[in-house]
Amino acid sequence: MADAAPLGYFEPETIEEACHLLSSHRGQARIIAGGVSLSVLMGQKLMMPKYLVSIKGIKSLNFIGHEPGAGLKIGAATTHADIEKSSLLQEKMPLLSQVAGMVGSAQVRNWGTIGGNLCHADPAADLPPALMALCAQLRLQSSAGARTMPIDKFFLDYFQTAVAEEEILTEINIPQMPPSAGASFIKFTPRSKMDTAVVAVAVYVQIEPAAERIVDVKIALGAVGPTPIRALKAEGALKGQKIDQSTIEQIAELAKEECSPASDVKASAEYRKEMVGVFVKRATKEALERARANRTQAP
Amino acid sequence: MNGDLYQVRVNPRKTLLSVLREDLELTGAKMSCGYGVCGSCTVLLDGKAVCSCLVLAFQAKGREIVTIEGLSNGDELHPLQESFINHGAIQCGYCTPGMILSAMALLAENPNPDEYEIRRAIAGNLCRCTGYVKIVEAIKAASEKMVR
């Protein structure tokens, strides 16, 4: 959508240069990676920056790496397609590859980035709940310095994150899964195969295999509130419990109570709540199966 | 683009789609939803299918672009184009350029896709006319012809 107001753009080659551009154009500049989400917002005049700072060309933001003992590191400007197809991730964190492959269409995955997806903070996005269940840490950088934030603190409201005005999300770190741990993600799209989630559920469990007891659990829900949320009460009720059907039923009921979905053209709030229960059960069972299968794997 | 080098001076607000259609008069890529869900604007950027309505023109600088206009060689159609015609995969034709380019990107990466892989690759290209059956058939047939 052409507009009379001129738009300036910059193509910095380093993160430092990009941060400097953000500070020197205080409040008037926005970061653009692919621009899959930003183009839409600008077209609808919901965002009208005077300057765009393109980070597509910054090599240090586009990578997938693994540090033994620490975990995985992904540059914020890595495309969903690269994450989906990464043989390193398919080996070390296959859930992430799987979820990245569910984002939008091939065209969106080829151009959109993980960082852009997180910073856009669509409450129905796929990666946020999955990364929450995996306890991702986010690295934010500005001219003043850098900080690391757990993803749980990142989403504040609809389309609003904790990224400060002059900050850039640079990296996503995912800790290595311990042995006897597994994770599952379910994206419920009743209308068609490719759609925004009506309900998204991510579950991570770590078990004590001999006792068949749950040592740690994380349940994250997407598309059922203004931000993705952790179902903390459900997690609390499940932690330390033996694995059996009635426990799983119980936490599904708790998870339903913890979400506050809205009704829209895709589904009513009541239906979404009901489906949270259904998919928390399924995702928990799947995560447990994977945790059991993982028991022989070292970190 | 399509094998040639183009130098275009554009307003930074312009998308790649509007540069193709307005500045370069290549109207194969279509404007439909304008926000990256219908795929009628699909072009290949460095071999990968993207929605040109989401790519700002300046981001395409220095990259290889393939549009539908670049597929045929004079009068000789690309096997995908021929296959779409022969299998009745074209009705109004609006989705067709994007559909063919998505298929082309698929076959470059996966020369022998099964039906599921084909449908997944064109999931971002909506068609209101055909119901997709003939499109999938056409892509499958083209893949077989192209491997030979």
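Here the structure is shown first, and the text comes after it.
Report on the accompanying structure. (Residues numbered from 1 in each chain as written. Chains lettered and ligands numbered in written order. Predicted model: local features only at pLDDT ≥ 70, side-chain atom pairs only at ≥ 80, totals over all residues. Heavy atoms only, no water.)

Moving on, we get to the overall build of chain A. Summing up its helical and strand segments, chain A has 11 helices and 14 strands in all. For chain A, the residues scored as buried account for 55% of the 299 residues in total. Pairs at least 24 residues apart make up 62% of the contacts formed inside chain A by residues separated by at least 6 positions. With the model as given, the accessible surface of chain A reaches about 12700 Å², and the carbon-plus-sulfur share is 52%. Side chains of chain A carry 32 positive and 32 negative charges; the gap between the two charge centres is 2 Å. (Helix = DSSP H or I, 4+ residues; strand = E, 2+ residues; numbered from the N terminus. Buried < 20%, exposed > 50% of the residue type's maximum accessible area, 1.4 Å probe, protein only. Contact = heavy atoms within 4.5 Å. Areas by Shrake-Rupley, 256 points an atom, 1.4 Å probe, with all protein chains shown as cover. Lys, Arg positive; Asp, Glu negative; His and termini not counted. Charge placed at Lys NZ, Arg CZ, Asp CG, Glu CD.)

So, on to the state of the cysteines. If you walk through the whole model with that rule in mind, you get zero disulfides over all chains. Cys19 of chain A carries a free sulfur, and the closest cysteine sulfur to it, the one in Cys119 of chain A, is 12 Å from it. Considering cysteine sulfurs only, Cys95 of chain B is the nearest to Cys127 of chain B, which forms no disulfide, with 3.9 Å between them. (Disulfide = S-S within 2.5 Å.)

Residue and element names in this part refer to chain B. In this fold, Gly62 is placed in the loop between β2 (48–51) and β3 (65–66). On the accessibility criterion, Gly62 (83% relative accessible area) is exposed. Considered as a pair, Gly62 and Leu17 are 45 residues apart in the sequence and their alpha carbons are 16 Å apart.

Turning our attention to the sheet that holds strand β5 (residues 71–75) of chain A. Residue and element names in this part refer to chain A. Across the sheet, five strands lie side by side as β4-β5-β10-β6-β7; this open sheet has antiparallel pairing. Two strands lie at the open edges of the sheet, namely β4 (64–67) and β7 (145–150), each paired on one side alone. Across this sheet, the average inter-strand angle for adjacent strands is 25°, counted without regard to direction. Bridging between strand β6 (residues 137–142) and strand β10 (residues 168–175) involves five bridges; their strand directions are antiparallel. Its bridge partner being in β10, Gln141 is matched across the sheet by Ile168. Strands in contact with helix α1 (residues 15–24) are β6 and β10; relative to β10, the strand with the most contacts, it is inclined by about 130°. (Pairing = 2+ DSSP bridges. Axes fitted to C-alpha atoms, helices over the stretch in contact; angles between N-to-C directions.)

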